[in-house]
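Inside the fold
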Amino acid sequence: MNKPARRAALPDCFRQGGIAVAALLILIMTAAEASAAYTASTVQDLSNFYDSTIGSAQIGNATLNGQTVDWFPNPDGSKIIYLSGVPLGNKSSWAANDKNGVVQALANALGIAPEEIYINNKDSQGAAQATATTVFSDLILPRPITAAEAAKAEERKRTGMPRTVEAAVRYSYIDTPADNGYLAGLNLGLAWDMDHITMGFIVPYDYTDIDNLLSSQRLGLVLFGQYGTDISDGLSSRQTVYIDYSDTDIDYEAGGSNHLRTHGGGVGTSLTLKAAGITSTIGASIQEHRDNSPGDRTFDTFKLGLSSALPIGRTQVVGITAVWTSDFSDYDAAYEDKNLYEAGITYRNDLSDTWSLSLGLNHKFDYNDVSATEVYLGSAMMF
């Protein structure tokens, strides 16, 4: 009886080719499952798109605002991303955790206003918040002064001479989950004290560099007026009103630039108590700002702070400060945190009858997974 003939074994090349074809089919099916159509008009939309596509799948494709987005992994974990067949942001690869950079590049390519990522972003002290912080720390809850400087202030009132408003060099290290950076700045200002009224201006300058995201320069002008009065022995109050304007140039690492103009103002009040040799102040302020970005948005904050100063003789003083900020701005992106907490310490020494020196350290605690530590060096001219 004849046995059935055995099926001839497939050559190795055909067997390996079949495996490759099967793998390719699985790859195509996986990409097809990830393929979907998305529409984005805000940075928040782009953030959601990233989370549901590029950030959640190693390989895939999708349609975003009518354009095809494809992404593939590299052996080192980075990703190759194409938008309509062109490398996104003209970059050969993107770090696996560089969500900010990818969203920024998509925003630039699709014509979606990108400034939300940084310049009005409370995570990194945008123009509105930076101005509000400057006014609060220099005017409403000012850093401590020595007994010698307080005496000179009274003399300046009688002569009408101006005084500097905490001229200071500032440096902040910004720590974020994906990208770190720094902010370096300078404040210059003059004020004139006349009886119960003070008038003056502050010119803040900031340079910011966020790794793999952007660099920016911001120049501003703050015009302010204050009214102070003595309530009783050792207790006084001060009311502040201000208006401001900031001009910011931004260059994005992914390509492109932006030019923002921010304007606004605010009011503040404070109470100061002098008792047992310690000067303590509690202050509050509220401010609103707008800029020239698309959409009718406002950037609003409320600040409440407390400071205490302990003199060391007539020419030295040490102060501590704690500030709470409530941010109720109209951001595009959804933030979990609405509150920002910061604390600082300051040392001031009148080096001579003409010059004083201030050293300070201020820390902004985790705020939407971002923290910042500021070191500043201040100098004041005492006429």
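Quick note: structure is the one above.
Now for a description of the structure that goes with this document.

Procedures and definitions
- Residues numbered from 1 in each chain as written.
- Predicted model: local features only at pLDDT ≥ 70, side-chain atom pairs only at ≥ 80, totals over all residues.
- Heavy atoms only, no water.
- Pairing = 2+ DSSP bridges.
- Helix = DSSP H or I, 4+ residues; strand = E, 2+ residues; numbered from the N terminus.
- Contact = heavy atoms within 4.5 Å.
- Axes fitted to C-alpha atoms, helices over the stretch in contact; angles between N-to-C directions.
- Core = buried A, V, L, I, M, F, W, Y, C linked by side-chain atoms within 4.5 Å.
- Buried < 20%, exposed > 50% of the residue type's maximum accessible area, 1.4 Å probe, protein only.

With respect to the sheet that holds strand S1 (residues 37-38)
Within a sheet, adjacent strands bond to each other through the backbone by hydrogen bonds, running parallel or antiparallel. If you trace the five strands from one edge of the open sheet to the other, you get S1-S2-S3-S4-S5, paired in mixed fashion. Edge positions in the open sheet fall to S1 and strand S5 (86-87), since each of these has one partner strand only. Judged from the two bridges that link them, S1 and strand S2 (residues 60-64) form a sheet pairing that is parallel. Along S2, the bridge assignment pairs Tyr38 with Leu64. Here helix H3 (residues 99-110) sits on the sheet in contact with S2, strand S3 (67-73) and strand S4 (79-83), set at roughly 15° to S4.

Details of the pairing of S3
Pairing of S2 with S3 involves five bridges; the strand directions are antiparallel. Opposite Thr63, over in S3, you have Thr68 as the bridge partner. Following S2, the chain reverses through two residues before pairing antiparallel with S3; Asn65 in that reversal takes a positive phi of roughly 50°. The sheet contact formed by S3 and S4 spans five bridges and is antiparallel. The partner of Pro73 across the bridge, within S4, is Lys79. In this structure, the hairpin formed by S3 and S4 is closed by a connection of five residues, where Gly77 is found at a positive phi of approximately 100°.

Focus: the nonpolar core
Counting residues in hydrophobic clusters, the biggest one holds 19 residues, and the most contacted among them are Leu46, Ile54, Leu64, Val69, Ile81, Leu88 and Val102. Counting only elements with at least two residues in this core, the list comes to helix H2 (43-52), S2, S3, S4 and H3. Of all hydrophobic cores here, the second largest spans 13 residues; its members include Val135, Ile140, Ile202 and Phe224.

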